[in-house]
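# Per-entry structural report
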Amino acid sequence: MTDAMPLPGEDSEWLEADGLGGFASGTVSGVRTRRYHALLLTAAHPPAGRTVLVNGIEAWVETAAGHTGLSTQRYHPDVIHPRGFERVAAFTREPWPTWTFRLADGTEITQELLVDPDSCDTLLRWRRISGAGPCALAVVPLLSGRDYHALQSANPAFDFTPQVRGAEIGSCVTWRPYPDRPAISALTTGTYRHAPDWYHQFIYVAEQARGLDCVEDLAAPGSFSFDLAHPEPGLMLLRAGESAPVRVRALADRMVATARVARAGPTLRRSAGSYRVDRGRGSTLMAGFPWFTDWGRDTFIALRGLLLAIGDLETAEAILTGWAGAVSEGMMPNRFPDSGEQPEYNSVDASLWYVIAVHDFLAASGAAGRSPQSEPALRAACLAILDGYAAGTRFGIRADADGLIAAGQPGLQLTWMDAKVGDWVVTPRIGKPVEIQALWINALHIAATRWEPRFSRIEAMARASFAGRFPNPAGGLFDVVDVDHVPGAHDASLRPNQIFVVGGLPFPLLTGESAKSIVDAVEDELLTPLGLRTLSPNDPAYVGRYGGDARRRDGAYHQGTVWPWLLGPFVDAWLSVRGRSEAALKEGQARFLPPLEQHLGVAGLGHVSEVADGDAPHGPGGCPFQAWSLGEYIRIRRMLGLEAF
């Protein structure tokens, strides 16, 4: 763990997504703490093949009072220079990230940054808003051209050669650092001076804290000069690939005007829209930023909040239809690798979540008076999943003689509790996990009542088996029965998975006092302000802090770490056992929403984090921009009788 003291604003991150898997991101302080923080990061094969082209900038201002740095850099081991964060007088992420710097002589300069989803260009705009006299801005772009998971070291292969064009309408400078990576173009209103150099040993403390490589060298090809004494702003537009000269000011004005209109709605809607990306000719949802791509399980869970809860049925239909063609042997893929190669079929629950998402989509469409033309394709995909599970498919996934789903093989992790370090599967859950049965029985009921009555027989068998096999005499439900496929063996660990028997799915398996006892047990030992713990603190295997290297993090991932997305199913169950009364809605609004609303202003700004510590004060961790976490927050608002935004 790093001993570096965090800078003001270092733990708050902003995100500008381009709709193709690329994005710009960073911290309010301006210092890069992650290898993923960048100004121009693009996807070569949307949403995969992501490459960091422009990591950041070095910027300073010359006034009559002297030389002042606006940027903030951290060098190994913990040297901060320059210290632009000390001059940040204000920051806002609305309608796009904007900093106001206040210099010692009273000069104030704004720096704005926005990403255009149509072109994937990043626009930087500087303007002096107070002060007089000379005011010259110098900006040095810091370049790499690397895979977004990697780091760059100074090397002779980096090609600094610039191509400079179009000085009469705005400078266009293009570099191609590596022949197998996209070119980088900077279109500006400034004057370029070529002065190639390397800036050595930037350190990314978030990567250091995660036990990962964390030191990088970046290429500085030269500097751009802008005269901010004039009323017109200084402009720099960063673009992947070669570019012809353009009238930069006119282009920037159009981008800003278009963005103002597009971003005029609720901020939470825009946050939700960050996750929608193109894949091939269709659409999908990113699981999170900065390091996830689109994952099947995450997509189908997040879709219910990010799209259905806000009424975006068209996008939901496009995503579900696109995934419908990916069924193989009754399974939906759970992950597309970064390389964009063949999908990975390695989950027992992703396919069942697809059926749930289809049901919710069709229900929302019916409520809106809409008859989706895609229903035959969606129906075919859902029936293929159920038939595949009933007959048996990969990794021992099958309907057992009791009608319940058995799954798992040694060395594999098939449920959402999927942490694995080398050969160590932290929570293998081989056998019959409780939430898989809730998903399976829901999926059977959906198919039997909407499409194929033949599934009613196995549904009835599965319900009866569930009722007889999962209740724990000590209270609540077993987490897994027939552990390791040993008949009668059970795992009594108190985990959040049993909440899906009461809430979070269209059709509860239990109601009344048995349901209330489950909700009470989960509330007593697992509930925190940001979500549910993955293991009771009373369990000897409980880990209260999520942090450290990969082994420590993955060892804690599902052994006590809090997951905000689980708060959605919990609130649904909590309301259910209270009859969804007006009093319960009011109590839920006062109890569950304020901590999440406060969280929107920390970590990933306007978003909800992937995880948090099990121990108080439940500091956020993992991915700061997580799709299903935000989606469930939106669903919680709807459950509690409020508008989605």
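This report concerns the structure included in the present document. Not measured: the values here are computed from a predicted model. (Residues numbered from 1 in each chain as written. Predicted model: local features only at pLDDT ≥ 70, side-chain atom pairs only at ≥ 80, totals over all residues. Heavy atoms only, no water.)

### Points about the pattern of salt bridges
By the definition in use, this model includes 42 salt bridges. Two residues, Arg74 and Asp78, come together in a salt bridge whose shortest N-O distance is 2.9 Å. Take Arg74: its relative accessible area is 2%, and that puts it in the buried class. Of the residues examined, Asp78 reaches a relative accessible area of 35% and is grouped as partly exposed. Between Arg635 and Glu632 there is a salt bridge, with its nearest N and O atoms 2.8 Å apart. A residue pair is termed a helical-turn pair when its members lie 3 or 4 positions apart in one helix, as Arg635 and Glu632 do in helix H14 (residues 627–639) at 3 residues. (Salt bridge = Lys/Arg side-chain N within 4 Å of Asp/Glu carboxyl O. Buried < 20%, exposed > 50% of the residue type's maximum accessible area, 1.4 Å probe, protein only. Helix = DSSP H or I, 4+ residues; strand = E, 2+ residues; numbered from the N terminus.)

### Remarks on the pairing of strand E19 (residues 276–279)
Where E19 lies against strand E20 (residues 282–285), 4 bridges are found, and the strand directions are antiparallel. Directly across from Arg276, in E20, lies its bridge partner Leu285. Hairpin connection of E19 to E20: 2 residues between the antiparallel strands, including Gly280 at a positive phi of 60 degrees. (Pairing = 2+ DSSP bridges.)

### A closer look at helix H2 (residues 248–262)
In this model H2 runs 21 Å from its N-terminal to its C-terminal C-alpha over 15 residues, within 8% of the 21 Å that 1.5 Å per residue would give. Taken as a whole, H2 has its buried residues at Val248, Leu251, Ala252, Met255, Val256 and Ala259. End-on view of H2: buried residues confined to an arc of 130 degrees, all on one side of the axis. Exposed side of H2, more than 90 degrees from the buried face: Arg254 and Val261 are the residues found there. Buried residues along H2 sit against strand E10 (108–115), strand E11 (122–130), strand E15 (184–188) and strand E18 (234–240). (Expected span 1.5 Å × (residues − 1). Arc of directions from axis to C-beta. Contact = heavy atoms within 4.5 Å.)

### A closer look at the state of the cysteines
Scanning the entire structure with this criterion turns up 0 disulfides. No disulfide involves Cys120; its nearest neighbouring cysteine sulfur is the one of Cys172, lying 17 Å away. Judged by its relative accessible area of 13%, Cys120 falls in the buried class. Distance from the sulfur of Cys214, which forms no disulfide, to the nearest cysteine sulfur (Cys623) is 20 Å. You can call Cys214 buried: its relative accessible area is 13%. (Disulfide = S-S within 2.5 Å.)

### Looking at unusual backbone geometry
In the segment running from Pro46 into Pro47, the intervening peptide bond is cis, with an omega of 0 degrees. Mapped onto the secondary structure, Pro47 falls in the loop between strand E3 (40–45) and strand E4 (48–63). A cis amide bond links His81 to the next residue, Pro82, at an omega of -10 degrees. Tracing the backbone through its elements, the reader meets Pro82 in strand E7 (residues 79–83). Unlike most non-glycine residues, His485 shows phi in positive territory, near 65 degrees. Within the fold, His485 resides in the loop between strand E27 (480–481) and strand E28 (490–491). Given a relative accessible area of 33%, His485 falls into the partly exposed group.

### Remarks on the packing of helix H4 (residues 296–306) against helix H6 (residues 350–367)
Their axes nearest at 8 Å, the elements H4 and H6 cross at an angle of 25 degrees. Our classification of the angle between H4 and H6 gives roughly parallel. In this structure, H4 meets H6 at a crossing whose hand is left-handed. Touching Gly296, Arg297, Phe300, Ile301, Leu303 and Arg304 of H4 are Ala350, Trp353, Tyr354, Ile356, Ala357 and Asp360, all from H6. (Axes fitted to C-alpha atoms, helices over the stretch in contact; angles between N-to-C directions. Parallel < 35°, antiparallel > 145°, perpendicular 65-115°, else oblique. Left-handed = near helix turned anticlockwise from the far one by under 90°.)

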